[in-house]
Amino acid sequence: MPSYTVTVATGSQWFAGTDDYVYLSLEGTAGCSERHLLDKPFYNDFERGAVDSYDVTVEDDLGEIQLIKIEKRKYWYQDDWYLKYITVKTPMGDYLEFPCYRWITDEKEIVLRDGRAKLPRDDKTQILKQHRRKELETRQKMYRWKEWHPGFPLSIDAHSHSDLPRDIQFDNEKGIDFILNYSKAMENLYVNRFMHMFQSSWSDFADFERIFVRISNTISEYVMQHWKEDFMFGYQFLNGCNPVLIRRCTEIPKKFPVTMDMVECSLERNLTLEEEVKQGNIFIVDYELLDGVDANKTDPCTIQYLAAPICLLYKNLENKIVPIAIQLGQKPGPDNPIFLPSDATYDWLLAKIWVRSSDFHIHQTVTHLLRTHLVSEVFSIAMFRQLPAVHPLFKLLVPHMRFTIAINTKAREQLICECGLFDKANATGGGGHVQMVQKAMKDLTYSSLCFPEEIKAKGMDSKEDIPYYYYRDDGIKVWEAIKSFAEDVIHIYYESDEVVCEDVELQAFVKDIYVYGMRGMKASGFPKMIRTRENLAEYLTVIIYTTSAQHAAVNFGQLFLGMYPDEHFVEKPVKEAMAKFRKNLDEIVNTITERNKNKKLPYYYLSPDRIPNSVAV
């Protein structure tokens, strides 16, 4: 009688193993096997990190194995099991891989297909078509869209982390990491001790040093020594945590009436201000989005303020970007003066501090929350709803969606909810951060997420004119590496543009993002349909770059780009594409490492070995 060798791999997460009854059956083109009991309670199989093998004997040859059915039946108490994968050795000696990477909960049956990626048109048998359809129907019931605030991208329909599907919740290990990291941050920053300082006025610049006294690395120490200086203020617009706002100034705005007399002492080329603008030496950062946003009023005993400044910057003869004029409001007038480097020392310093304060609010709420977290959640929900696990694009994208919905749900529970940390420690708390996202949605366009296009649109693309913009330089390299990888994968599965057009699951995925994520706004420029392999490569690059590199550039990392511990792809051509991708990323790491040698302010946020795969923190 034919015999199959079945190997079962259990996850290494805490509590990933199970003591429940586990049954397996095989379904092939020529028939189905009976249900086989693989594990009984307390047989010490399916323990955390274990790989267990079994011989499954059947009466007749099953033909080509298409599906594996796994059942878990409760023995005593609820015992979730994380199944990584199953391999099957056929009587002919062939090996088949069946990726799972899911939690098996309750007393349910799950059905796995072999790991070869397939487009909808590749499924010829009714059983495979039916399995594909049922998987999406089940997922669409589990992953539902919901409006958290009017005008926001839609998010997951879940009130709390525990309401999420088990497969996308933090596992125990990640949850403990989350708690430990949060506790360590509180300890390092003395936040609990100084929380009252966030809710009242500060009286001394030494308060800053007291907060950061326990951060000890060369970069932070250098910044602490030089934070008051103009060159450091300008450098942060290029390579700080919010390097996305600076743009080349092509005309001095009427609402910001800076004159030659005001800035003449700051210009070094014996040119007029107008001539400096024409030569491309003047830059501007405008915080107009903050104009009209309500300041935090949650604590009636603490008056909080917001500014909507405009800052003019100049590229000096050393190619350093330095501030030359600051206006703290959007409407010029006697009560809204323009501050200059020639003003009294603390007047100029306080003007810069107000700009930094405004930059913080834009960074946290728009650059970070909206343009990485909320957008990545849209990509994640659409992927789970419209791409089955067998689809090549699901396999490509799922590592970049890990824990994204979970971290956002936690944020809505604890951070940006009413009476959350935002309300306690942020001048835009109490509803101002909601207004900001609603206003920022009009600028959330597809082209603005295409990294090279956005850099060029801001006039910041010339390495010769702006030589120290490492965010741009490293970002372009990473973007190109990701795009090359996406192109390689696309050409394996899509032989022509026609195949792209015919992929109904891909088109449903794209439509979900446009309709629910971008709220159907034509002005967003998000496509409703993808028609060519070239456009698909760009679209996938936008998704992967946003969820990995862009988030890393404005946050900080943990699980690194190009590393795929869960092997959803099994085909050799894709594994070769992955190896090529990792090689390209390694070359970028080496380039960045060499550049950063002996620099007092090294820039490494976009070094691939520091870029997390997904928005998970």
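Residues numbered from 1 in each chain as written. Predicted model: local features only at pLDDT ≥ 70, side-chain atom pairs only at ≥ 80, totals over all residues. Heavy atoms only, no water.

A. View of the pattern of salt bridges. Per the counting criterion, the structure on display carries 33 salt bridges. A salt bridge links aspartate 123 to arginine 132; the nearest nitrogen and oxygen atoms lie 2.8 Å apart. The exposure class assigned to aspartate 123 is buried, which follows from its relative accessible area of 3%. One salt bridge in this structure joins aspartate 488 and lysine 580, with 3.1 Å as the shortest N-O distance. Placement of aspartate 488 in helix H16 (residues 470-493) and of lysine 580 in helix H20 (residues 572-596) is noted, with a sequence separation of 92 residues between them. Through salt bridges with shared partners, a single network forms among Arg113, Asp123, Arg132 and Glu505. (Salt bridge = Lys/Arg side-chain N within 4 Å of Asp/Glu carboxyl O. Buried < 20%, exposed > 50% of the residue type's maximum accessible area, 1.4 Å probe, protein only. Helix = DSSP H or I, 4+ residues; strand = E, 2+ residues; numbered from the N terminus.)

B. Molecular detail of the side chain of aspartate 503. Relative to the helices and strands, aspartate 503 is located in the loop between helix H17 (497-502) and helix H18 (504-517). The side chain of aspartate 503 is buried and forms no salt bridge, while arginine 132, the nearest opposite charge, is found at 6.1 Å. With sequence-adjacent residues up to four places away left out, aspartate 503 is seen in contact with Leu119, Pro120, His391 and Tyr494. (Lys, Arg positive; Asp, Glu negative; His and termini not counted. Contact = heavy atoms within 4.5 Å.)

C. Broad picture of a negative patch on the surface. A grouping of Glu34, Glu59, Asp60 and Asp61 is seen on the molecular surface, where their side chains present a negatively charged patch. Its place among the elements puts aspartate 61 in the loop between strand E5 (51-57) and strand E6 (65-73). (Patch = residues over 30% accessible without salt bridge, like charges linked within 9 Å, V, L, I, M, F, W, Y side chains within 5 Å. Areas by Shrake-Rupley, 256 points an atom, 1.4 Å probe, with all protein chains shown as cover. Charge placed at Lys NZ, Arg CZ, Asp CG, Glu CD.)

D. Molecular detail of the confidence of the model for the protein chain. In this model, the protein chain carries an average pLDDT of 88, and 90% of its residues clear a pLDDT of 70 or more. Contacts for the low-pLDDT stretch residues 188-192, under 50 throughout, to residues beyond four places or in other chains number eleven contacts. (pLDDT = per-residue confidence, 0-100.)

E. Examining the sheet that holds strand E13 (residues 282-286) more closely. On the basis of which strands lie adjacent, the open sheet formed by five strands has the order E12-E13-E14-E15-E16 and antiparallel pairing. Two strands close off the open sheet at either side, each with one partner strand: strand E12 (247-248) and strand E16 (338-339). Where E12 and E13 come together, two bridges link them in antiparallel fashion. By the bridge assignment, arginine 248 is partnered in E13 with phenylalanine 283. (Pairing = 2+ DSSP bridges.)

F. Local environment of the sheet that holds strand E1 (residues 3-10). Spatially, the four strands line up as an open sheet ordered E5-E1-E7-E8, and their pairing is antiparallel. Single-partner strands in this sheet number two, and they are E5 and strand E8 (95-104). The average angle at which neighbouring strand axes cross in this sheet is 20 degrees, direction not considered. For E1 and E5, the ladder comprises seven bridges, and the chain directions are antiparallel. Its bridge partner lying in E5, valine 6 is registered against tyrosine 54. (Axes fitted to C-alpha atoms, helices over the stretch in contact; angles between N-to-C directions.)

G. Layout of the state of the cysteines. In the structure shown here, the tally under the stated rule is zero disulfides. No disulfide involves cysteine 450; its sulfur sits 19 Å from that of cysteine 501, the nearest cysteine. (Disulfide = S-S within 2.5 Å.)

H. Looking closely at the nonpolar core. Counting 120 residues, the largest nonpolar core has Ile246, Met383, Tyr471, Tyr494, Phe509 and Leu536 as the members making the most contacts within it. Per-element tally for this core: the top contributor is helix H9 (residues 345-386), with 15 residues. Sequence-distant contacts of phenylalanine 509, that is, excluding residues within four places in its chain, are made with Phe379, Ala382, Met383, Gln386, Leu387, Leu397, Tyr539 and Ile543. With 25 residues, the next largest nonpolar core counts Val8, Leu24, Tyr54 and Leu83 among its residues. (Core = buried A, V, L, I, M, F, W, Y, C linked by side-chain atoms within 4.5 Å.)

I. Highlighting the packing of aromatic side chains. Throughout the structure, instances matching the rule amount to 19 aromatic pairs. Between phenylalanine 233 and phenylalanine 237, the aromatic rings sit 5.3 Å apart at their centres with planes inclined by 80 degrees, giving edge-to-face as the arrangement. Highlighted residues: phenylalanine 233 and phenylalanine 237, both in helix H6 (residues 230-239), separated by four residues, approximately one helical turn. Here phenylalanine 233 and phenylalanine 237 have matching classes, each one buried. Look at phenylalanine 509 and tyrosine 539: their rings are 6.4 Å apart centre to centre, the planes differ by 85 degrees, and that puts the pair in the edge-to-face class. Taken together, the residues phenylalanine 509 in helix H18 and tyrosine 539 in helix H19 (residues 533-553) connect sequence positions 30 residues apart. Grouping aromatic residues by their ring pairs yields a cluster made of Phe451, Tyr469, Tyr471, Trp479 and Tyr545. Sitting over the face of the ring of tryptophan 103, arginine 166 holds its NZ or CZ atom 4.0 Å from the ring centroid. Taking the ring centre of phenylalanine 233 as reference, the NZ or CZ of arginine 356 above it sits at 4.7 Å. (Phe/Tyr/Trp six-rings, centres within 6.5 Å; stacked < 30°, edge-to-face > 60°. Lys NZ or Arg CZ within 6 Å of the ring centre and 35° of its normal.)

J. Fine view of a nonpolar patch on the surface. On the surface, Ile303, Tyr305, Tyr346, Leu350 and Trp354 cluster together into a nonpolar patch covering about 570 Å² of accessible area. Inspection of the secondary structure puts tyrosine 305 in the loop between E13 and strand E14 (310-315).

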